[in-house]
Amino acid sequence: MAGNPRRRAALVDAGVEVLAREGARGLTFRAVDAEAGVPAGTASNYFTGRDELLRQIDARLHQRLAPDPEVTGELMKAPKDRALVAALMRDILARATGDRTGYLALLEMRLEATRRPELRASYTESVRADLEEGMAFHRAAGLPGGDETVTVLYLAMLGLILEHLTLPGVLDGVLPGVGVPEGLVERIVATVVPEEDP
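Counting restarts for each chain: residues are numbered from 1 in the order of the written sequence. Owing to the predicted nature of the model, reporting of local features is limited to residues with pLDDT of at least 70; listing and counting of side-chain atom pairs is limited to 80 or more, with chain, interface and lining totals taken over all residues. With hydrogens and water excluded, all non-hydrogen atoms of the structure serve as input to the side-chain values.

### Section: the side chain of Thr42
Right, on to step 1. For helices the rule is a DSSP run of H or I covering at least 4 residues; for strands it is a run of E covering at least 2, with both sets numbered from the N terminus onward. Considering the arrangement of structural elements, one finds Thr42 in helix H3 (residues 42–46).
Right, on to step 2. In this structure Thr42 comes out as buried when scored by relative accessible area, which is 9%.
Right, on to step 3. Not counting residues up to four positions away in its chain, the partners in contact with Thr42 are Arg7, Leu11 and Asp33. Buried residues are those whose accessible area, probed at 1.4 Å on protein chains only, stays under 20% of the maximum for their type, while exposed residues exceed 50% and partly exposed ones sit between those limits. Contact definition: two residues touch when any of their heavy atoms are within 4.5 Å.

### Overview of the packing of helix H4 (residues 50–64) against helix H8 (residues 117–141)
Helix-helix packing is characterised by the crossing angle of the two axes and by the distance between the axes.
Right, on to step 1. Close contact between H4 and H8 brings their axes to 11 Å; oriented N to C, the two are set at 10 degrees. One finds that H4 runs roughly parallel with respect to H8. Across the interface between the two elements, Asp51, Leu54, Asp58 and His62 from H4 touch Glu118, Leu119, Tyr123, Ser126 and Asp130 from H8.
Right, on to step 2. All amino acids are sorted into three groups, where Ala, Val, Leu, Ile, Met, Phe, Trp, Tyr, Cys and Pro are nonpolar, Asp, Glu, Lys and Arg are charged, and the leftover types, Gly among them, are polar. Counted by class, the contact of H4 with H8 contains three nonpolar, two polar and four charged residues. Fitted lines through C-alpha atoms give the axes, limited to the stretch in contact for helices. The angle between two N-to-C directions lies from 0 to 180 degrees. Angular relationships are summarised with four words: roughly parallel below 35 degrees, roughly antiparallel beyond 145, roughly perpendicular across 65 to 115, and oblique for the angles in between.

### Regarding helix H6 (residues 82–98)
The α-helix advances 3.6 residues per turn, and as a result positions three or four apart in sequence lie on the same side.
Right, on to step 1. A helix is expected to span 1.5 Å multiplied by its residue count minus one. Along its 17 residues, H6 runs 24 Å from first to last C-alpha, staying within 8% of the 24 Å computed at 1.5 Å per residue.
Right, on to step 2. Taken together, the buried positions of H6 are occupied by Leu84, Val85, Ala86, Ala87, Leu88, Met89, Asp91, Leu93 and Ala96.
Right, on to step 3. Contacts from the buried residues of H6 go to helix H5 (69–75), helix H7 (100–115), H8, helix H9 (147–166) and helix H10 (182–192).
Right, on to step 4. By the N-cap criterion, in which a side-chain oxygen at the helix start approaches the backbone nitrogen of a residue two or three places on, H6 is capped by Asp81, the distance to Ala83 being 3.2 Å. For the purposes of these results, a polar contact is taken to be a pair of N or O atoms within 3.5 Å, where, inside protein, one atom must be able to donate a hydrogen and its partner to accept one; residues adjacent in sequence count only when each atom of the pair is a side-chain atom.

### Section: the layout of surface pockets
Right, on to step 1. If you add up the space inside the largest pocket, you get close to 1,000 Å³.
Right, on to step 2. Grid points spaced at 1 Å over the protein atoms alone were grouped into cavities, where a 1.4 Å probe fits but cannot get out, and pockets, open sets with protein on both sides within 12 Å along at least five of seven lines, with lining residues defined by an atom within 4 Å of a point. Looking at the largest pocket, it is lined by 32 residues, and the ones nearest its centre are Pro67, Ile92, Arg95, Asp130 and Gly134.
Right, on to step 3. Those elements that place two or more of their residues in the lining of the largest pocket are H4, H6, H7, H8 and H9.
Right, on to step 4. Among the elements that make up the lining of the largest pocket, the one with the highest residue count is H8 (eight residues).
Right, on to step 5. Of the residues in the lining of the largest pocket, the class split is 23 nonpolar, four polar and five charged. Grid points are joined across faces, edges and corners, and a volume is the space filled by probe spheres set on the points.

### Notes on the packing of H8 against H9
Right, on to step 1. At a minimum axis separation of 9 Å, H8 and H9 run at an interaxial angle of 130 degrees. Classified by the angle between their axes, H8 and H9 sit oblique to one another. Regarding H8 and H9, the two cross each other, and that crossing is right-handed. Every residue of H9 that contacts H8 at Val127, Leu131, Gly134, Met135, His138 and Arg139 is listed here: Asp147, Val150, Thr151 and Tyr154.
Right, on to step 2. A per-class count over the contact of H8 with H9 returns five nonpolar, three polar and two charged. Handedness of each helix crossing follows the sense of rotation of the near helix against the far helix: counterclockwise by less than a right angle gives left-handed, clockwise gives right-handed.

### Concerning the environment of Glu35
Right, on to step 1. By secondary structure assignment, the location of Glu35 is in helix H2 (residues 29–36).
Right, on to step 2. Residues within four places of Glu35 in sequence aside, it is in contact with Ala14, Glu17, Val18 and Arg21.

### With respect to the pattern of salt bridges
Close approach of charged atoms lets side chains of opposite charge pair.
Right, on to step 1. Salt bridge criterion: a side-chain nitrogen from Lys or Arg within 4 Å of a carboxyl oxygen from Asp or Glu. Scanning the model with the defined rule gives 16 salt bridges in all.
Right, on to step 2. Between Glu22 and Arg21 there is a salt bridge, with the nearest N and O atoms lying 3.1 Å from each other.
Right, on to step 3. Residue Glu22 is classed as partly exposed on the basis of its relative accessible area, which comes to 48%.
Right, on to step 4. Judged by its relative accessible area of 49%, Arg21 is partly exposed.
Right, on to step 5. Note that Asp91 and Arg95 form a salt bridge whose closest N and O atoms lie 3.0 Å from each other. Of the two residues, Asp91 and Arg95 both sit in helix H6, four residues apart, roughly one turn of that helix.
Right, on to step 6. On the basis of relative accessibility, which here comes to 14%, the residue Asp91 falls in the buried class.
Right, on to step 7. When salt bridges that share partners are traced, they join Arg50, Asp51, Glu112, Arg115, Arg116 and Glu118 into one network.

Below is the structure:
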């Protein structure tokens, strides 16, 4: 396998673009080569097969969509209350909308995992690790609520982001006077996160 790390990273990012635009069925080495603007056959020199490319894309998406430590550090200077949880949820939304292609590719990975047991196992493990990391972060930070709060926030934000990035019209005006998607983030947090003790 070819070993140029910069070229490999460019091919993986090209794979993200193809996956988001064409879906898993369109993710071929030829399509990745074309997206990356490299000679035909280049991707096949870097990846042993499609499964390896998908695993590399999974790892790359986790990097692309990860929180910025500086942003998180600034947010965490605030009191550990419901307002901070809302700010953290707005950051998740901003990262998803800021890298729409990456998030759509992540959704395509989920769909592909339903069809491929070997991918399902590794993808389930990586997504579960993210959820458990979120729970551990919430506990360590002393934020209101516990693991159940984090799990329900995870599910609600996943649904909000899915609708916002794929069928935004579904949410328009669903709650009169509540902006989409930012106002819905506030409603999710107000509904899910317990109030602080006085």
